[in-house]
Amino acid sequence: MLFDRQTYIKRRQTLREKIGNGLIIFIGNNNSPCNYPANGYTFRQDSSFLYFFGQHREGLAGVIEADTGKEWLLGDDIDIEDIIWTGFVPSVSELASESGVQNSAPMSELKKLVDKYHSKGKPVHFLPPYRYDTMIQIADLLDMHPLLTRKNASVRLIRAVVDMRSVKSPAEIEEIERAMAIGYKMHTAAMKACKPGVTEKYIGGLIDGIAASYGCKTSFNSIVTMHGEIFHGDPSLKPLEDGRLLLCDAGAETVGNYCSDNTRTMPVNGRFSPRQRDIYSIVEACHDLVIEKARPGVKWLDMHLDVCRLMTDRLKELDLMKGDTEEAVQAGAHAMFLQHGLGHMMGMDVHDMENLGQVFVGFDDEVRPSEQFGTNCLRCGRRIQPGWILTDEPGIYFIPALIDKWKSEGMHREFLNYDKIEEYRDFGGIRIEDDILITEKGCRVLGEQTIPYHPDDVEAFMAGE
Ligand code: GLY
Ligand code: MN
Ligand code: MN
């Protein structure tokens, strides 16, 4: 386990107090087959299960009786046939005792425990499942259609888990710092390897291998692409071209499952062209504005909109936008260039707790999600708090399909200079992403070493200076 048993005992006790009554169940993840059952995807435990029970084995479930505090860890012990293939695995009762859980039982007992509550109409709290096998498990336990399990999840449990997981403890921050240190090695290796003729895949493989060589996995599929305007651009076998930019968005996830998430955009030939530097310096200024302004109590939605205003002002200087900045941002015209949100929470999941529903994680009664194109991708809008970790990831993207669509519709013509934008249609995209911890008075950029991002620093680093 990543932390000592007391940490998990205390977390479950806090949760129980928040929930008050009913049965709380956490279904851990099962192995997930890739192309046949014995050939699986890399196992990844469910983050909330891990947060409260700390165990990485597949096929477990954790149960807490909120009223009494009685707890169970459920799962099936392996037999000799399994041992032949997998070697020794601790018994479920040993795992339970390691996690400070008094009772253990085979998985078949779960239905009986749930029935005691369900048959009497007492609440059974579960989180919204995101894997279909878990949906089926919950559906079987509670006699509902598997596809209804997300909708029927316990809002009380979601809110309690979000409350607890949003604020990172010093020990969690330390683990995230370990992920940041590997992320630094990944990103600086990408910068060193970036040269005309090298393929995107090579760089992708190189950085994924660095994560693996430190016992980590990547916190999501690494994005390594000359088409930075494609948000989730998988690395291709294309050789890097002189004169283009390479966007690398990647992070490490430690063995204990805490993440890093950084993006750097670099000139393939090691030198930004004046046009690339112009756009880059806007993204840099937006990124730095967040570091200057983020502090407890600030609405993250306002931070996003401040970034959009600065971006609009600076794009007006380049003749790409025009008109009144405030009106342009209110109308959403800046979303021609920035189509995603400023940043998301990060922790055990790179998009922390996104499986619980962004409306619970990033919004509240005061700040509701926007429906406007662009701002509707903001995954967090509410007032930020000490102990939260958020990404600061502004970007500017020239998406040919979006340019064509908006131009043909005459969209935001009063704020967008389409003739000028056309000159950039093959530009690609730039994003700079760092992870910040909200402190009592402001914020701290995570990572002991800064992955170079000021344009002169990027060039000097790539030149080996
Ligand atoms: N690539 C995931 C993110 O940066 O949000
Ligand atoms: Mn990222
Ligand atoms: Mn991110």
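Nothing here was measured: the structure is a model prediction, and the numbers come from that model.

## Considerations on the overall build of the protein chain
Tallying secondary structure elements over the protein chain gives 16 helices and 17 strands in all. By the compact-globule yardstick of 23 Å for 465 residues, the protein chain fits well, its C-alpha radius of gyration being 24 Å. Based on the C-alpha atoms only, the size of the protein chain along its principal axes is roughly 70 × 50 × 40 Å. Here the protein chain holds 465 residues, and 55% of them are scored as buried. Partitioning the intrachain contacts of the protein chain with sequence separation of at least 6 by distance along the chain shows that 73% fall at a separation of at least 24. As displayed, the protein chain offers around 19900 Å² of accessible surface, 52% of which is attributable to carbon and sulfur atoms. Each charge class in the protein chain can be summarised by its mean position, and for the 52 positive and 70 negative side chains these summaries are 3 Å apart.

## A short note on helix 8 (residues 170-193)
In a regular helix each residue adds 1.5 Å, so 24 residues correspond to 34 Å; helix 8 covers 35 Å between its end C-alpha atoms and thus fits that length. Summarising burial for helix 8: 17 of the 24 residues are buried, a large majority.

## Here's the deal with the pairing of strand 13 (residues 389-392)
Here strand 13 shows two buried faces, one formed by Ile 389 and Thr 391 and the other by Leu 390 and Asp 392. Taken together, the four bridges between strand 13 and strand 16 (residues 434-438) define a ladder with antiparallel strand orientation. Each residue of the ladder has a partner; that of Asp 392, found in strand 16, is Asp 434.

## Digging into the pattern of salt bridges
On inspection of all chains with the given rule, the structure shows 30 salt bridges. Of the charged contacts, one joins Glu 459 and Arg 277 as a salt bridge, the two residues approaching to 3.2 Å between their closest N and O atoms. Taken as a pair, Glu 459 in helix 16 (residues 455-462) and Arg 277 in helix 10 (residues 274-293) lie far apart in primary sequence, 182 residues in all. Residue classification places Glu 459 among the buried positions, given a relative accessible area of 7%. One salt bridge connects Arg 379 with Glu 354, and the closest N-O pair in it is separated by 2.8 Å.

## Focus: the layout of surface pockets
Roughly 1300 Å³ of internal volume is contained in the largest pocket. Going through the elements one at a time, helix 2 (47-53) and strand 8 (217-218) are the ones with two or more residues in the lining of the largest pocket. Looking at the lining of the largest pocket, its residues break down into nine nonpolar, 17 polar and 16 charged. Considering only enclosed or pocket space, the second largest pocket measures out at about 400 Å³ in volume. Asn 31, Arg 57, Glu 58, Ile 78 and Thr 86 are the residues nearest the centre of the second largest pocket, which is lined by 18 residues in total. At three residues, the largest contribution of residues to the lining of the second largest pocket is made by helix 3 (residues 80-86). For the lining of the second largest pocket, the residue count by class is eight nonpolar, five polar and five charged.

## Regarding the site of ligand 1
Close contacts around ligand 1 come from Phe 220, Ile 223, Asp 249, Asp 261, His 344, His 351, Glu 393 and Glu 433, and that covers them all. In the model, an oxygen atom of ligand 1 is placed 2.9 Å from a nitrogen or oxygen of the His 344 side chain. Within the side chain of Glu 393, an N or O atom sits 3.2 Å from an oxygen atom of ligand 1. In isolation ligand 1 has 190 Å² of accessible area, and contact with the protein removes 92% of it. If you map ligand 1 onto the pockets, it falls in the largest pocket. In the shell around ligand 1, the residues fall into two nonpolar, two polar and four charged.

## Re the coordination of the manganese ion (ligand 2)
Asp 249 (OD), Asp 249 (OD), Asp 261 (OD) and Glu 433 (OE) make up the full set of protein donors to the manganese ion (ligand 2), lying at 2.0 to 2.6 Å. Taken in chain order, the donor set of the manganese ion (ligand 2) reads D-x11-D-x171-E. Taken as a pair, the manganese ion (ligand 2) and the manganese ion (ligand 3) show a spacing of 3.2 Å, with Asp 261 coordinating each metal. You can see Asp 249 sitting in strand 10 (residues 245-250) and its partner Asp 261 sitting in the loop between strand 11 (252-253) and strand 12 (262-267), a full 12 residues away along the chain.

## Considerations on the pairing of strand 16
Buried residues dominate strand 16, accounting for five of its five residues. The side-chain alternation of strand 16 yields two buried faces, one formed by Asp 434, Ile 436 and Ile 438 and the other by Asp 435 and Leu 437. Where strand 16 lies against strand 17 (residues 443-445), three bridges are found, and the strand directions are antiparallel. Note that in strand 17 the partner of Ile 436 across the bridge is Val 445. Counting the residues between successive antiparallel strands, the hairpin from strand 16 to strand 17 contains four residues.

## Structural notes on the packing of aromatic side chains
This model, assessed by the stated rule, comprises 13 aromatic pairs. Within the aromatic cluster, the residues linked to one another by ring pairs are Phe 26, Phe 49, Tyr 51, Phe 52 and Phe 53. We note Lys 192 situated over the ring of Phe 461; from NZ or CZ to the ring centre the distance is 3.9 Å. Across from the ring centre of Tyr 424, 4.7 Å away, lies the NZ or CZ of Arg 275, which sits over that ring.

## Remarks on the sheet that holds strand 6 (residues 103-105)
Taken in spatial order, the five strands make up an open sheet running 6-5-4-1-7, and their pairing is mixed. Edge strands, defined here as strands with exactly one partner in the open sheet, are strand 6 and strand 7 (124-126). Adjacent strand axes in the sheet meet at a mean angle of 20°, parallel and antiparallel pairs treated alike. Across three bridges, strand 5 (residues 71-74) lies against strand 6 in parallel orientation. Note on strand 6: the bridge partner recorded for Leu 73 is Ser 104. Packing against the sheet, helix 6 (residues 132-142) makes contact with strand 1 (23-27) and strand 7, and its axis sits at approximately 150° to strand 1.

Cut-off values and rules
Residues numbered from 1 in each chain as written. Chains lettered and ligands numbered in written order. Predicted model: local features only at pLDDT ≥ 70, side-chain atom pairs only at ≥ 80, totals over all residues. Heavy atoms only, no water. Helix = DSSP H or I, 4+ residues; strand = E, 2+ residues; numbered from the N terminus. Rg over C-alpha atoms; globule rule 2.2 N^0.38 Å. Buried < 20%, exposed > 50% of the residue type's maximum accessible area, 1.4 Å probe, protein only. Contact = heavy atoms within 4.5 Å. Areas by Shrake-Rupley, 256 points an atom, 1.4 Å probe, with all protein chains shown as cover. Lys, Arg positive; Asp, Glu negative; His and termini not counted. Charge placed at Lys NZ, Arg CZ, Asp CG, Glu CD. Expected span 1.5 Å × (residues − 1). Pairing = 2+ DSSP bridges. Salt bridge = Lys/Arg side-chain N within 4 Å of Asp/Glu carboxyl O. 1 Å grid on protein atoms, 1.4 Å probe; cavity = no way out; pocket = protein on both sides within 12 Å on 5 of 7 lines; lining within 4 Å. Points joined across faces, edges and corners; volume = space filled by probe spheres on them. Nonpolar A, V, L, I, M, F, W, Y, C, P; charged D, E, K, R; others polar. Near = heavy atom within 4 Å. Polar contact = N/O pair within 3.5 Å; in protein donor to acceptor, adjacent residues only side chain to side chain. Sits in = over half its atoms within 2 Å of the grid points. Donors = N, O, S within 2.8 Å, 3.2 Å for Na, K, Ca; no water. Phe/Tyr/Trp six-rings, centres within 6.5 Å; stacked < 30°, edge-to-face > 60°. Lys NZ or Arg CZ within 6 Å of the ring centre and 35° of its normal. Axes fitted to C-alpha atoms, helices over the stretch in contact; angles between N-to-C directions.

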